[in-house]
Amino acid sequence: PLLSNKSGTSVTTSSGSNNNSNENKSKSSTTAFSVIWNTRSTRSHLIAYYAFSFSVVCIDDALPLFLMARLGGPGMSESQIGWILGAAGAIAVLCQHMAL
């Protein structure tokens with residue numbers, strides 16, 4: 001497939017039938033990646049997605065560890081943490097349902 005950058009030139013994202021196919025593949029992949037990151041709206045959406053994904057990972061992984069920590073945390077049991085995460089999931093489902 002072809003992508004066009006800001007100057008209007010077309011960029012091929014697949015390598016040709018050259019003997020240096022590895023070099024062409026690497027060069028075209030780098031070029032396609034730079035074209036994607038040079039598009040302002042795409043870059044903004046990717047940064048927002050990365051930030052959201054990071055916060056989800058922090059909540060899913062770090063929050064239970066903090067909640068069960070006896071030193072520096074509230075020292076909750078596994079069942080209490082399960083109830084908290086289950087309630088948060090139920091709230092997320094309700095919000096998604098109301099948004100649709």
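Owing to the predicted nature of the structure, the values given are computational and were not obtained by experimental measurement.

Reading the values: rules and limits
Residues numbered from 1 in each chain as written. Predicted model: local features only at pLDDT ≥ 70, side-chain atom pairs only at ≥ 80, totals over all residues. Heavy atoms only, no water. Helix = DSSP H or I, 4+ residues; strand = E, 2+ residues; numbered from the N terminus. Contact = heavy atoms within 4.5 Å. Areas by Shrake-Rupley, 256 points an atom, 1.4 Å probe, with all protein chains shown as cover. pLDDT = per-residue confidence, 0-100.

In this section: the overall build of the chain. If you tally the helices and strands in the chain, you get three helices and two strands. For the chain, the N- to C-terminal ordering of α and β elements is β-β-α-α-α. Expressed as a percentage of contacts within the chain between residues at least 6 apart in sequence, the contacts between residues at least 24 apart total 11%. On the chain, roughly 8100 Å² of surface is accessible, and the fraction owed to carbon and sulfur atoms is 64%.

Counting all residues, the mean pLDDT for the chain is 81, and 70% of those residues have values of 70 or more. Across the chain, the secondary-structure element scoring lowest on mean pLDDT is strand β1 (residues 2–4), at 53, and the one scoring highest is helix α3 (residues 78–99), at 95.

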